[in-house]
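Fold and contact review
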Amino acid sequence: MKFVSTRGGDQVEGLGPVAEYGLAHDGGLFVPASWPKLSEEQWSAFAGQPYEKAVAGVFGLFSGQEFANLEQLIARTYQNFDHPERAPLHQIGDKEWVLELFHGPTFAFKDFAMCWLAVLIEHLLQ
């Protein structure tokens, strides 16, 4: 997948350079040049899957075949979270749900992204 700078200067191919650079050379953030489109059936296929499998499915849309061991990397990322579902979803009303995003090492929602980023960068540096 191609990524572009939000300031219009840089373009890179693949997540490796995006993770390596952090920010684009022009100071912008990297975003996908085009967003993957999923059908309702594709979205529905994520229902009931373990968290790691769903993450691999979504992340794979942005990384393509760049990571042959994507599911193993994601499993390693979340292995130390203190809930077996990682991000349990609880129904609290007829059409109301609460997603728990505090089961990571610092009990904050940012753990979901930052733990993944650490494993991703470690993998890319090898």
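Refer to the structure printed above.
What this report covers is the structure whose coordinates are included nearby. (Residues numbered from 1 in each chain as written. Predicted model: local features only at pLDDT ≥ 70, side-chain atom pairs only at ≥ 80, totals over all residues. Heavy atoms only, no water.)

Here we look at the overall build of the chain
Cut-off, in case you're wondering: Working definition: helices are DSSP H or I runs of at least four residues, strands are E runs of at least two. Numbering for both runs from the N terminus. Relative accessibility under 20% of the residue-type maximum defines a buried residue, over 50% an exposed one, and the middle range a partly exposed one, all with a 1.4 Å probe and only protein chains included. Contacts: residue pairs with any heavy atoms within 4.5 Å of one another. The method behind every accessible area is Shrake-Rupley, applied with a 1.4 Å probe, and residues are considered shielded solely by the protein chains displayed. Only four residue types enter the charge count, namely Lys and Arg as positive and Asp and Glu as negative; His and the chain termini do not. Every charge is mapped onto a representative atom, which is NZ of Lys, CZ of Arg, CG of Asp or CD of Glu.
Within the chain, the secondary structure is distributed over 5 helices and 5 strands. In sequence order, the secondary structure elements of the chain are arranged as β-β-α-β-α-α-α-β-β-α. Structurally, the chain occupies a C-alpha span of about 45 × 30 × 25 Å along its principal axes. Residue burial in the chain is summarised as follows: out of 126 residues, 32% are buried. Counting contacts in the chain only where the partners sit at least 6 residues apart, residues at least 24 apart contribute 44% of the total. Accessible area of the chain: about 8300 Å², with a carbon and sulfur share of 57%. Positive and negative side-chain charges in the chain, numbering 8 and 16 respectively, have mean positions lying 3 Å apart.

Focus: the packing of aromatic side chains
Operational definition: A pair of Phe, Tyr and Trp rings is counted when the ring centres sit within 6.5 Å of each other, with Trp represented by its six-membered ring. The angle between the planes then sorts it: under 30 degrees is stacked, over 60 is edge-to-face, the rest tilted.
Applying the stated criterion to the full structure yields 10 aromatic pairs. When the ring of Tyr 51 is compared with that of Tyr 78, the centres are 5.2 Å apart and the planes differ by 85 degrees; the resulting orientation is edge-to-face. With Tyr 51 in helix H3 (residues 51-63) and Tyr 78 in helix H4 (residues 70-78), the pair connects residues that are 27 residues apart, well separated along the chain. Ring centres of Tyr 78 and Phe 81 lie 5.1 Å apart, and the angle between their planes is 85 degrees; on these two criteria the pair is classed as edge-to-face. Taken individually, Tyr 78 and Phe 81 each receive the classification buried, so the pair is uniform in this respect. An aromatic cluster is present here, built from Tyr 51, Tyr 78, Phe 81 and Phe 112 joined pairwise through their rings.

Regarding helix H5 (residues 111-125)
Rules: Given the number of residues in a helix, its expected span is that number minus one, multiplied by 1.5 Å. Throughout, the arc means that of the directions going from the helix axis to the C-beta atoms.
Here H5 spans 21 Å end to end across 15 residues, near enough to the 21 Å set by a 1.5 Å rise per residue. What H5 keeps buried is the set Asp 111, Phe 112, Cys 115, Trp 116, Val 119 and Leu 120. Buried residues of H5, viewed axially, fall in a sector of 155 degrees; they line one side. Those residues of H5 hidden inside the fold are in contact with helix H1 (15-21), H3 and H4.

Take it as geometry only, folks, not as evidence of what the structure does.
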